[in-house]
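# Remarks on the overall topology
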Amino acid sequence: MSRIVAENVSSDNFPHSMELIPGGFPTAAGASPTLGQLLKHVGDVRQEATGDETPVHELLVDVTELRPIPFVLSFNNLTYNVKVRRKMQLPGCLRRRDRSASAGDPLAGDSYFTRTKTLLNDISGEARDGEILAVLGASGSGKSTLIDALANRIAKGSLKGNVTLNCETLESRMLKVISAYVMQDDLLFPMLTVEETLMFAAEFRLPRTLSKSKKKMRVQALIDQLGLRNAAKTVIGDEGHRGVSGGERRRVSIGIDIIHDPIILFLDEPTSGLDSTSAFLVVKVLQRIAQTGSIVIMSVHQPSNRILGLLDRLIFLSRGQTVYSGSPASLPLYFSEFGHPIPEKENKTEFALDLIRELEGSPGGTKSLVEFNKAWQSMKHTSNSEAPDRLGLSLKEAISASISRGKLVSGATNNHVSSTSMVPRFANPFWKEILVLSNRSILNSRRMPELFGIRLGAVLVTGFILATVFWKLDNSPKGIQERLGFFAFAMSTTFYSCADALPVFLQERYIFMRETAHNAYRRLSYVISNALVVLPGLIFLSFAFSATTFWAVGLDGGLSGFLFYLLIMFASFWSGSSFVTFLSGIVPHVMLGYTIVVAILAYFLLLSGFFINRDRIPPYWIWFHYLSLVKYPYEAVLQNEFGNPTKCFITGIQIFDNTPLGAVPAAMKVRLLKALSNSLGMRITSSTCLTTGIDILKQEGITDLSKWNCLLITVAWGFLFRILFYFSLLLGSKNKRT
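Computed from a predicted model, the values in this text were never measured in an experiment.

Parameters at a glance
Residues numbered from 1 in each chain as written. Predicted model: local features only at pLDDT ≥ 70, side-chain atom pairs only at ≥ 80, totals over all residues. Heavy atoms only, no water. Pairing = 2+ DSSP bridges. Helix = DSSP H or I, 4+ residues; strand = E, 2+ residues; numbered from the N terminus. Patch = residues over 30% accessible without salt bridge, like charges linked within 9 Å, V, L, I, M, F, W, Y side chains within 5 Å. Areas by Shrake-Rupley, 256 points an atom, 1.4 Å probe, with all protein chains shown as cover. Salt bridge = Lys/Arg side-chain N within 4 Å of Asp/Glu carboxyl O. Buried < 20%, exposed > 50% of the residue type's maximum accessible area, 1.4 Å probe, protein only. Contact = heavy atoms within 4.5 Å. Polar contact = N/O pair within 3.5 Å; in protein donor to acceptor, adjacent residues only side chain to side chain. 1 Å grid on protein atoms, 1.4 Å probe; cavity = no way out; pocket = protein on both sides within 12 Å on 5 of 7 lines; lining within 4 Å. Points joined across faces, edges and corners; volume = space filled by probe spheres on them. Nonpolar A, V, L, I, M, F, W, Y, C, P; charged D, E, K, R; others polar. Phe/Tyr/Trp six-rings, centres within 6.5 Å; stacked < 30°, edge-to-face > 60°. Lys NZ or Arg CZ within 6 Å of the ring centre and 35° of its normal. Core = buried A, V, L, I, M, F, W, Y, C linked by side-chain atoms within 4.5 Å. Axes fitted to C-alpha atoms, helices over the stretch in contact; angles between N-to-C directions. Expected span 1.5 Å × (residues − 1).

### Comments concerning the sheet that holds strand E9 (residues 168-169)
A sheet is described by the order of its strands in space; here four strands give the open sequence E6-E5-E8-E9, paired in antiparallel fashion. In this open sheet, the two strands that pair with only one neighbour each are strand E6 (114-128) and E9. In terms of strand pairing, strand E8 (residues 159-165) meets E9 through two bridges, oriented antiparallel. When the sheet's bridge partners are listed, Thr164 is paired in E9 with Thr169.

### So, a nonpolar patch on the surface
Together, Val461, Phe464, Ile465 and Val469 make up a nonpolar patch on the protein surface, roughly 400 Å² of accessible area in all. Relative to the helices and strands, Phe464 is located in helix H15 (residues 449-469). The exposure class assigned to Phe464 is exposed, which follows from its relative accessible area of 53%.

### Quick look at the environment of Asp268
Summarising the element assignment, Asp268 is placed in the loop between strand E11 (264-267) and helix H8 (276-291). Beyond its immediate stretch of four places on either side in the chain, Asp268 contacts Ser144, Tyr181, Val182, Met183, Gln184 and Ser299. Separated by 3.1 Å, the side chains of Asp268 and Ser299 make a polar contact.

### Let's talk about the pattern of salt bridges
Scanning the entire structure with this criterion turns up 22 salt bridges. For Lys212, the salt bridge goes to Glu203, with nearest N and O atoms at 2.5 Å. Note on Glu203: relative accessible area 6%, which makes it buried. The closest approach of N and O atoms between Glu203 and Lys215, which form a salt bridge, is 3.5 Å. Of the two residues, Glu203 is situated in helix H5 (residues 194-205) and Lys215 in helix H6 (residues 212-226); the sequence distance between them amounts to 12 residues. Residue Glu203 shares its accessibility class with Lys215, and that shared class is buried. What emerges from the salt-bridge pattern is a single network uniting Glu126, Arg128, Glu131 and Arg313.

### A word on empty space enclosed by the protein
For the coordinates displayed, the defined rule picks out six cavities of 30 Å³ or more. Along the wall of the largest cavity there are 16 residues; nearest its centre are Ala201, Ile256, Arg440, Arg514 and Glu515. Mapped by element, the contributors of at least two residues to the lining of the largest cavity are H5, helix H7 (246-257) and helix H17 (502-517). In terms of residue count, the dominant contributor to the lining of the largest cavity is H5 (five residues). Grouping the amino acids of the lining of the largest cavity by side-chain chemistry returns 10 nonpolar, one polar and five charged.

### Here's the deal with the pairing of strand E5 (residues 72-85)
In this sheet, E6 lies alongside E5 in antiparallel orientation, the contact comprising 11 bridges. Counterpart to Lys83 in the pairing with E6 is Thr116. Where E5 meets E8, six bridges bridge the pair, whose relative direction is antiparallel. Considered in E8, the bridge of Tyr80 is made with Leu159.

### Some words on the packing of aromatic side chains
Considering all chains together, one arrives at 37 aromatic pairs under this definition. Consider the rings of Phe543 and Phe562, whose centres lie 6.4 Å apart with planes at 80°: the pair is edge-to-face. Of the two residues, Phe543 sits in helix H18 (residues 523-553) while Phe562 sits in helix H19 (residues 558-586), which places them 19 residues apart along the sequence. Take Phe543: its relative accessible area is 47%, and that puts it in the partly exposed class. Given the relative accessible area of 6%, Phe562 is considered buried. Their ring planes at 35° and their centres at 5.6 Å tell us that Phe604 and Phe624 sit as a pair that is tilted. Of the two residues, Phe604 is situated in helix H20 (residues 590-606) and Phe624 in helix H21 (residues 622-627); the sequence distance between them amounts to 20 residues. Overall, Phe624 belongs to the buried group, its relative accessible area being 14%. A connected cluster of aromatic rings, assembled from ring pairs, spans Phe316, Tyr324, Tyr334, Phe335, Phe338, Phe351, Phe372 and Trp376. Lying over the aromatic face of Tyr181, Arg153 brings its terminal NZ or CZ to 3.8 Å of the ring centre.

### Concerning the nonpolar core
Generally speaking, nonpolar side chains in soluble globular proteins are found buried as a group. Counting 119 residues, the largest nonpolar core has Ile264 and Phe266 as its most contacted members. Among the elements that make up this core, the one with the highest residue count is H19 (12 residues). The residues contacting Phe266, other than those within four sequence positions of it, are Leu73, Ile147, Leu150, Ala151, Leu175, Ser179, Ala180, Tyr181, Val182 and Ile297. Ala134, Leu226, Val252 and Ile258 belong to the second-largest nonpolar core, a separate cluster that totals 63 residues.

### Observations concerning the sheet that holds strand E14 (residues 321-326)
The strand order across the open sheet built from six strands is E10-E11-E12-E7-E13-E14, with neighbouring strands paired in mixed fashion. Sheet topology places strand E10 (179-182) and E14 at the edges, where each strand pairs with a single neighbour. Geometrically, the sheet is characterised by an average inter-axis angle of 15° between neighbouring strands, direction not taken into account. Taken strand by strand, H7 contacts E10 and E11, and its axis lies near 160° from that of E10. Across the sheet, helix H11 (residues 348-360) lies against strand E7 (132-136), strand E13 (313-318) and E14, angled at about 20° from E13, the strand it touches most.

### A few points about the layout of surface pockets
Each pocket or cavity is described by its volume, and for the second largest pocket that value is around 1600 Å³. Surrounding the second largest pocket, 47 residues form its lining, Ser445, Met448, Leu451, Val504 and Glu508 being those nearest its centre. Secondary-structure elements contributing two or more residues to the lining of the second largest pocket are helix H14 (430-446), H15, H17, H18 and H19. Of the residues contributing to the lining of the second largest pocket, the split by class is 25 nonpolar, 13 polar and nine charged.

### Comments concerning H7
Its 12 residues give H7 an end-to-end C-alpha distance of 17 Å, which sits within 8% of 16 Å, the value for a rise of 1.5 Å per residue. With respect to burial, H7 is a largely interior element, 11 of its 12 residues being buried. Those residues of H7 that sit buried are Gly247, Glu248, Arg249, Arg250, Arg251, Val252, Ser253, Ile254, Gly255, Ile256 and Asp257. Packed against the buried residues of H7 are E10, H5, H6, E11, H8 and H17.

### Some thoughts on unusual backbone geometry
Unlike most non-glycine residues, Glu269 shows phi in positive territory, near 45°. Here Glu269 lies in the loop between E11 and H8. Judged by relative accessible area, which is 14%, Glu269 ranks as buried. A positive phi angle is found at Lys472, which is not glycine, with a value near 45°. Mapping Lys472 onto the fold places it in the loop between H15 and helix H16 (477-496).

### Points about the environment of Ile315
Structurally, the position occupied by Ile315 is in strand E13. With a relative accessible area of 1%, Ile315 lands in the buried category. Separated by 189 residues in the primary sequence, Ile315 and Glu126 have C-alpha atoms spaced 9.8 Å apart. In contact with Ile315, not counting residues within four places along its chain, are Phe75, Ser124, Leu133, Ala134, Val135, Leu136, Thr322, Tyr324 and Ser325.

Structure (structure tokens):
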């Protein structure tokens with residue numbers, strides 16, 4: 001790995017209170033340099049020597065004056081109510097007394113069918129940079145709800161109270177840029193290695209102006225900070241592929257959200273599901289992150305004594321109310337004054353949580369503890385009313401100063417910071433996002449070739465069966481019917497084989513929501529990338545199916561006919577894939593999605609014109625005929641096959657085929673033709689052409705559109721569903737509670 005150095009920095013210039021970290025960057029003793037300081041003041045000598053376009057920056061600032069900019073996140077009187085359905089109640093004489101219902105007066109807005117449930121009730125507190133604030137409580141106490149409220153993941157109209165940073169209201173757009181949210185579930189691509197996962201996060205969150213070498217340098221530094229050096233080259237893994245351990249997965253999840261060194265970090269139960277050692281290592285990493293000048297706010301269920309020693313502030317919740325807010329060291333005194341002293345050598349948080357559960361089961365609930373906490377807080381505020389030192393800076397000035405001193409790398413390259421836009425909304429331009437997203441999808445898919453292999457095998461097997469069943473069809477009346485059946489089945493097969501695209505986005509949905517929640521990339525970039533990545537596979541499937549069936553079935557048109565057949569097959573795969581992708585954006589469950597896809601495609605086939613001609617479809621269903629995705633490629637291949645006006649399909653005595661007269665001897669058919677000729681006054685012989693391809697198209701009701709128009713409409717359907725997919729992401733992935 002390349003060595004980090006600083007230019008024009010002499011050790012004589014620094015007092016004894018400074019020390020030199022590995023790589024030569026000076027920092028205050030005991031303090032960790034921020035990522036921005038490393039990237040802004042140091043460079044890669046090897047890259048510079050080889051002509052790197054990003055020169056090594058010189059350190060021109062006295063580092064002894066670079067003390068962290070103080071940030072205080074305050075939240076006051078947060079209240080959040082939701083409507084829940086009432087359970088059907090028994091008559092009054094049979095109903096048991098409900099203590100919880102009688103605990104308080106009914107809230108405004110209750111009705112016979114719904115009632116109002118309070119998830120947060122007048123919650124207040126603060127979190128400071130350099131510290132970890134932990135929210136504790138039993139399941140259902142409101143821990144995750146409070147984290148969501150602070151992270152602006154609850155709709156404005158639903159949440160009451162205010163959240164401020166340095167006494168100023170924090171705008172939603174600004175919070176997205178300066179913060180990160182780590183979900184409880186580890187949402188990662190299974191076939192990417194730890195290093196690749198973090199590198200893609202760096203590509204998304206770090207600005208394009210940073211050179212590739214500096215992004216790699218950040219990733220390597222982060223791997224060391226997270227303690228993932230031994231797992232750097234290991235894939236993440238899933239149920240079918242062995243990968244990193246649970247604790248390592250959790251640290252990777254944290255790493256992808258702190259790659260840009262955010263000022264505020266929210267985490268929803270980061271230790272959930274981990275053993276005590278892994279949980280301790282995760283919180284130790286969070287402590288190091290906080291010490292770089294970040295505010296870390298996390299929910300935790302029941303921390304061990306070792307983890308408790310790493311936490312700076314605690315908030316205990318019970319049914320949405322605060323029952324304790326303060327430092328871990330104050331817990332014994334608090335409960336001692338409440339009348340329930342904590343026994344020696346007992347875990348403080350376990351005792352507190354057990355006591356809270358006991359009070360929740362008592363007739364009065366935790367009301368006494370809530371009231372005691374309010375009195376305790378008012379007494380503590382009276383004795384310690386010192387306001388935080390904000391160096392006389394407004395919020396925007398403080399964020400700007402932090403950027404210039406190294407925090408928030410996505411804005412570290414802005415030399416002239418304006419008051420209205422200190423950091424860009426997105427770190428990269430539109431085309432760069434598409435490139436990185438496509439790269440990631442291709443890399444993840446390449447390591448699971450069995451998925452595409454199974455789909456290709458299914459298409460080839462279907463093509464082989466069709467080719468052998470409909471082998472070398474003739475131009476007889478029966479051959480015409482068999483051709484129609486072949487085309488209907490072939491077109492429906494292409495659409496049904498696209499159903500495998502359904503779980504692709506459903507598996508990525510929460511990764512997408514996590515990444516777009518903090519502006520890692522634009523939703524439009526994801527839609528375009530998703531479309532571009534599937535195109536090579538669709539082309540390959542189209543060619544495989546076309547080459548397997550066209551000549552084996554004996555279709556007409558030669559090379560030009562084959563090329564159009566290939567184009568319409570590709571258009572069918574494209575529109576089918578787009579349709580299924582759109583459904584995946586609005587249907588949240590795989591099995592429900594498959595049911596809907598199969599049903600709708602069956603309706604498309606039913607009204608495509610194969611089972612019933614357009615002229616025979618009832619007027620109240622004709623609209624669905626024109627919406628059918630199968631209609632247009634089906635009509636296109638029929639026109640490609642029967643569009644030659646000079647090709648004859650029924651001659652002379654073949655007119656009697658598929659009728660009761662078809663079984664009579666050929667000589668009798670000839671005499672019948674002569675009799676028919678005399679009656680009609682025209683000469684009809686055994687070789688007279690009676691039905692051409694154009695006649696067949698008229699019989700099938702295919703007269704409105706040319707084959708090229710059908711091709712264009714099929715392609716247009718694909719683009720329309722991609723646009724609808726974009727709007728489904730825009731409207732359906734707000735990632736906020738209502």
